[in-house]
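Chain by chain, the residues:
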Amino acid sequence: MRLHAAFGMGRAALALVRDYPLAWVGVVGWFAILTAMALSGSAVVLGARTSLGNLEESFGIHVLVAPDAAGLAALNHAISGLPGVRDAKFVVQPRPLRQFPDTIQARNSPASLYVRTRLVKPESLQEVAAAIRSFPKVETVVYSPELAQRVYDARTAVVHLTRAAWSAAVVIVMIALSLPGTGLVRSHRRQALVAYALGASRLQSAAPASIAGAVGGALGGLLAWLAINVAGGAGSTAMHQALRGVSAHGGLALLGALFLGTLGPLIAIIGVLWGRRPSHLDPGAP
Amino acid sequence: MIRLVRVSYGSPRRVLQNVSLHLPRGSAGVLVGPMGSGKTLILRLCSGSLLPDDGSVLVGGSDTRTMRGRAQQRMRQATAFITTELPLQPTRTVLQNITTPLELRGTQRTRAVRAALRALDALDALSLAKAWPAELSSGERQVVVIARALAQRPLLVLVDEPMAALPSCHGERLMTLLSDLSAQGSSVLMASRDAELAPRDARIWQLRGGTVGPCEVIPHRVDAPRSALVDVLLRHVGPT
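Residues numbered from 1 in each chain as written. Chains lettered and ligands numbered in written order. Predicted model: local features only at pLDDT ≥ 70, side-chain atom pairs only at ≥ 80, totals over all residues. Heavy atoms only, no water.

**Things to note about the overall build of chain A**
Filter applied, for reference: Runs of E in the DSSP output that reach at least two residues are strands. Runs of H or I that reach at least four are helices, and both are numbered from the N terminus. Exposure categories follow from relative accessible area, calculated using a 1.4 Å probe and restricted to protein chains: below 20% of the type maximum is buried, above 50% is exposed, and the middle band is partly exposed. Pairs of residues are marked as contacts when any of their non-hydrogen atoms sit within 4.5 Å. The Shrake-Rupley method, run with a 1.4 Å probe sphere, supplies the accessible areas, and residue values consider only the shown protein chains as cover.
Scanning chain A from terminus to terminus reveals nine helices and four strands. When its helices and strands are written in sequence order, chain A yields α-α-α-β-α-β-β-α-β-α-α-α-α. By residue count, 44% of the 286 residues in chain A fall in the buried class. When contacts within chain A are restricted to residue pairs at least 6 apart in sequence, long-range pairs at least 24 apart make up 80% of them. Taken as a whole, chain A presents about 14800 Å² of accessible surface, with 68% of it coming from carbon and sulfur.

Here you go:
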């Protein structure tokens, strides 16, 4: 059904565009809406991942340093610089280690570091732990691979669920818009062709579809701009930064959308005057 | 008025093959043939909406292939096409549908409305004037399509299977109107599966296998008396 709707819309849109080039603006607007939905979908997924950050923060690596260790600050700095490490904090009162029953219990130590990693993926955690172990004066490295795996699995599941829900929403919106959209485009083309056959000039017969195309294009651009703006308000990742970059130039985007809308009539006049001869009895006409 | 010179159309299947016919101004003609014989195709070629692959179609002395811009628009305005394939505009009332072609050519609104009402009256369909196309039956829609064509003061009337959706009681009335239009100087070309109903003194062409047989004239197929109402209509609707 989704394919049928998409093909129906595409075929009708192409037929309209073939005769009335301004309709490109409407079609561009349509794709702008879909692109905006896809972008905002990515932002939602990224937002979900970010909101899971709290869960990740409860997990980390405890590093117990020998009591006679000197240069704790230097060690802290060196560990912080490791790839995959988000930060390392000096902990006066180390967290109780009973939450890791399967790990080695360390002796009580006055010097401890709590290291948070960028990724909670068990393999990368293992790599970071190995790198920390290689530092001199590091006595014990404590973390729970099982807990890391559980957190990683939970986060992956939530991300997949969010992505699936968003995809479903996009499909539903596509179908909901495609079905009446197909009828609308066909109706526009039919009415334009009937008017042409009854003696209207190319310009007169193209006017309703042209205006609809221009308004549709401008509206599509405006919606796309709004969607990007809304999407830019969520999340805090690189994608979010990119979205924020786009929305920071919202005025420019809006101007672009309006420009497309106003450019349309010019394209229409050129296309209508030199376009293909419309046939109101074209057997292939939808 | 209409001259087809060795017209061929269709690829790879030749629907029309070397078709030639001539319909002078002020005369009526009927293309008779089975389904798929190319009757409607000839009407489309005459309307200029299709161009022949070979040969030429001359309407009023001008080749449809070389017509451009304003000349093409004038030809469309002088042609009335009565067909179910040219539907009514759903967002306009019956009256507005009939006045549309008149307004497109710049006729004053009040004159266009008067012409539309006269055309509806001639078809006993005055009560439909304010109705919307969606409220009409298929027969009533066909009546409105005919009224729209008549109100245009056409020089050329192309009629495609008029009885396909028309109530039988309107058949003879339509033939009388078409006969009178041709008597007033319009050329009428009709496509039909049989020649049972035809305008007066119509030339009949049989189509078979993509070719046209010799022309024969069947006089006075319709003997319905011309009504006073039709006279009024023709005085205003006839070609100028």
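Additional details are given in the paragraphs that follow.
**What to know about the confidence of the model for chain B**
All names here are of chain B. Applicable threshold: Values of pLDDT, ranging from 0 to 100, describe the predictor's confidence in every residue of the model.
Summarising the model, chain B shows a mean pLDDT of 82, and 89% of its residues fall at 70 or more. Ranking the elements of chain B by mean pLDDT puts helix α7 (residues 228-237) last with 59 and helix α4 (residues 109-122) first with 91. Counting interchain partners and residues more than four positions distant, the pLDDT-below-50 stretch residues 221-225 has 12 contacts. Reported for the predicted complex are a pTM of 0.56 and an ipTM of 0.73.

**So, the interface of chain B and chain A**
How we decide: Buried area is calculated as the accessible area (1.4 Å probe) missing from two parts once they are joined, with the contributions of both summed. Salt bridges are identified by distance alone: a Lys or Arg side-chain nitrogen within 4 Å of an Asp or Glu carboxyl oxygen. Pairing of N or O atoms within 3.5 Å defines a polar contact, subject to two protein rules: one partner must be a possible hydrogen donor and the other a possible acceptor, and residues neighboring in sequence count only if both atoms are side-chain atoms.
Tallying the contact residues gives 24 residues for chain B and 17 residues for chain A. Of the roughly 1900 Å² buried at the junction of chain B and chain A (both faces included), carbon and sulfur atoms supply 53%. Our count for the chain B to chain A interface comes out at zero salt bridges. Taken together, the links from chain B to chain A amount to four residue pairs in polar contact (both at pLDDT 80 or more). Elements represented by at least two residues in the side of chain B that touches chain A include exactly α1 (39-47), α2 (69-78) and α3 (94-104) of chain B.

**Some details on the sheet that holds strand β4 (residues 54-59) of chain B**
All names here are of chain B. What counts is decided by this rule: Here, any two strands with at least 2 DSSP bridges between them count as paired. Every axis in this analysis is a line fitted to C-alpha atoms, fitted for helices over the stretch in contact. Angles between the N-to-C directions lie between 0 and 180 degrees.
Taken in spatial order, the four strands of this open sheet run β2-β1-β4-β5, and their pairing is antiparallel. Each edge of the sheet is formed by a strand with only one pairing partner; in this case those strands are β2 (16-23) and β5 (62-63). Examined bridge by bridge, strand β1 (residues 2-9) and β4 share five bridges and lie antiparallel to one another. The residue bridging V5 from the neighbouring strand is S56, located in β4. With respect to the sheet, α1 is in contact with β1, β2 and β4, its orientation differing from that of β1 by roughly 120°.

**A closer look at α3(B)**
Residue and element names in this part refer to chain B. When you tally the buried positions in α3, you get eight out of 11 residues, the bulk of the element. Next to the buried residues of α3 lie α4 and α5 (138-150). Phi turns positive, to about 95°, at G106, one or two residues after α3.

**Digging into the packing of α3(B) against α4(B)**
All names here are of chain B. To be explicit about the condition: The labels follow the angle: roughly parallel below 35 degrees, roughly antiparallel above 145, roughly perpendicular from 65 to 115, and oblique for the rest. Left-handed is the label given to a crossing in which the near helix is rotated counterclockwise from the far helix by less than a right angle, and right-handed is the label when the rotation is clockwise.
One way to put it is that α3 packs onto α4 with a least axis distance of 9 Å and a crossing angle of 125°. Taken as axis vectors, α3 and α4 run oblique relative to one another. Considering the relative orientation of α3 and α4, their crossing is right-handed. Across from V94, L95, I98, T99, L102 and E103 in α3, the residues of α4 making contact are R109, A112, V113, A115, A116, L117 and L120.

**Quick word on the pattern of salt bridges**
All names here are of chain B. All told, the structure shown has four salt bridges over all chains when counted by the stated rule. E103 is the salt-bridge partner of R109, the closest N and O atoms lying 2.5 Å from each other. Classification of R109 by relative accessible area gives partly exposed; the value is 41%. Salt-bridge contacts for D124 lead to R173; the nearest nitrogen and oxygen are separated by 2.9 Å. Pair noted here: D124 is in the loop between α4 and α5 and R173 is in helix α6 (residues 169-183), with a separation of 49 residues, a long-range link. The class of D124 is exposed, set by a relative accessible area of 55%.

**Describing the packing of α3(B) against α5(B)**
Residue and element names in this part refer to chain B. Definition in use: Note on residue classes: Ala, Val, Leu, Ile, Met, Phe, Trp, Tyr, Cys and Pro are nonpolar, Asp, Glu, Lys and Arg are charged, and everything else, Gly too, is polar.
Packing of α3 against α5 leaves a shortest axis separation of 8 Å and a crossing angle of 35°. The chirality of how α3 crosses α5 is right-handed. Seen from α3, the contacting residues are V94, N97, I98 and P101; seen from α5, they are V144, A147 and R148. Here the residues of the contact of α3 with α5 sort into five nonpolar, one polar and one charged.

**A closer look at the environment of B:R109**
Residues and elements named next belong to chain B. Tracing the sequence through the fold places R109 in helix α4. R109 sits 10 residues away from T99 along the chain, and the two C-alpha atoms are 7.9 Å apart. Only 2.5 Å separates the side chain of R109 from the side chain of E103, close enough to count as a polar contact.

**Quick word on the environment of B:D54**
All names here are of chain B. Take D54: it is sitting in strand β4. Under the relative-accessibility criterion, D54 is labelled partly exposed at 37%. Sequence separation between D54 and N18 is 36 residues; the distance between their C-alpha atoms is 8.2 Å.

**A short note on the nonpolar core**
Residues and elements named next belong to chain B. The criterion, for reference: Buried Ala, Val, Leu, Ile, Met, Phe, Trp, Tyr and Cys residues form a nonpolar core when they are joined through side-chain atoms within 4.5 Å.
By size, the foremost hydrophobic cluster in this structure holds 44 residues, and its most contacted members are I98 and L178. No other element matches the seven residues that α5 contributes to this core. I98 has contacts with A116, L120, V144, A147, R148 and A151, leaving out every residue within four places of it along the chain. Core analysis: the second largest hydrophobic core is formed by 30 residues, L31, L41, L45 and F81 among them.

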